[in-house]
Amino acid sequence: FLFINASYVQYRVHFTLANIRRYADKNYPIPHGYWPFEYFSSPNYIAEILLYISFWLISHHTSSFLSLLIWVLVNQSLSALFAHQW
């Protein structure tokens, strides 16, 4: 259930981001219209974290998937922070 929902959210977020058009002054607008953009500045990173949480739950909580989950959490959190600051 978590994997399917996170995949759909990630798809919709990427679809929304792909359809953003530049303004005449070469700037991109802040995306609107899909609910994650109202709560997160980088919802694609949040969806990725949720996907890896679902992988970890399916893997019966193995240590290798826990290591991967921690890596993804740190990596995507830092990427979201830097994107938000930009």
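As a reminder, the structure under discussion sits directly above these lines.
Residues numbered from 1 in each chain as written. Predicted model: local features only at pLDDT ≥ 70, side-chain atom pairs only at ≥ 80, totals over all residues. Heavy atoms only, no water.

Some points on the environment of isoleucine 49
Structurally, the position occupied by isoleucine 49 is in helix α3 (residues 43-58). Those residues in contact with isoleucine 49, other than ones at most four positions away along the chain, are Leu69, Val72, Leu73, Gln76 and Ser77. (Helix = DSSP H or I, 4+ residues; strand = E, 2+ residues; numbered from the N terminus. Contact = heavy atoms within 4.5 Å.)

Here we look at the layout of surface pockets
In this structure, the largest pocket spans a volume of roughly 560 Å³. As for the largest pocket, its lining consists of 16 residues, of which Pro29, Ile30, Pro31, Ser41 and Trp86 are closest to the centre. Listed by contribution, the elements that provide at least two residues to the lining of the largest pocket are α3 and α4 (63-85). In terms of residue count, the dominant contributor to the lining of the largest pocket is α3 (3 residues). (1 Å grid on protein atoms, 1.4 Å probe; cavity = no way out; pocket = protein on both sides within 12 Å on 5 of 7 lines; lining within 4 Å. Points joined across faces, edges and corners; volume = space filled by probe spheres on them.)

Some points on the packing of α3 against α4
The N-to-C vectors of α3 and α4 enclose an angle of 175 degrees; their axes lie 9 Å apart at closest approach. By the angle between their axes, α3 is roughly antiparallel relative to α4. The segment α3 lies against α4, with Tyr45, Glu48, Ile49, Tyr52, Ile53, Phe55 and Trp56 engaging Phe65, Leu66, Leu68, Leu69, Val72, Leu73, Gln76, Ser77, Ser79, Ala80 and Ala83. Residue composition of the contact of α3 with α4, by class: 14 nonpolar, 3 polar and 1 charged. (Axes fitted to C-alpha atoms, helices over the stretch in contact; angles between N-to-C directions. Parallel < 35°, antiparallel > 145°, perpendicular 65-115°, else oblique. Nonpolar A, V, L, I, M, F, W, Y, C, P; charged D, E, K, R; others polar.)

Quick word on the side chain of threonine 16
Position of threonine 16 among the secondary structure elements: in helix α1 (residues 2-18). Taking relative accessible area as the criterion, threonine 16 reaches 16% and is therefore assigned buried. For threonine 16, the side chain forms a polar contact with the main-chain oxygen of arginine 12, separated by 2.8 Å. Among residues more than four places away in sequence, those in contact with threonine 16 are Pro31, His32, Tyr34 and Phe37. (Buried < 20%, exposed > 50% of the residue type's maximum accessible area, 1.4 Å probe, protein only. Polar contact = N/O pair within 3.5 Å; in protein donor to acceptor, adjacent residues only side chain to side chain.)

Looking at the packing of aromatic side chains
One pass over the structure, following the stated rule, counts 3 aromatic pairs. Arranged with centres 5.5 Å apart and planes meeting at 40 degrees, the rings of phenylalanine 3 and phenylalanine 55 form a pair that is tilted. With phenylalanine 3 in helix α1 and phenylalanine 55 in helix α3, this residue pair connects regions lying 52 residues apart in the sequence. Judged by relative accessible area, phenylalanine 55 falls into the partly exposed class, the value being 31%. Taken together through their ring pairs, the aromatic side chains of Phe3, Tyr52 and Phe55 make up a single cluster. (Phe/Tyr/Trp six-rings, centres within 6.5 Å; stacked < 30°, edge-to-face > 60°.)

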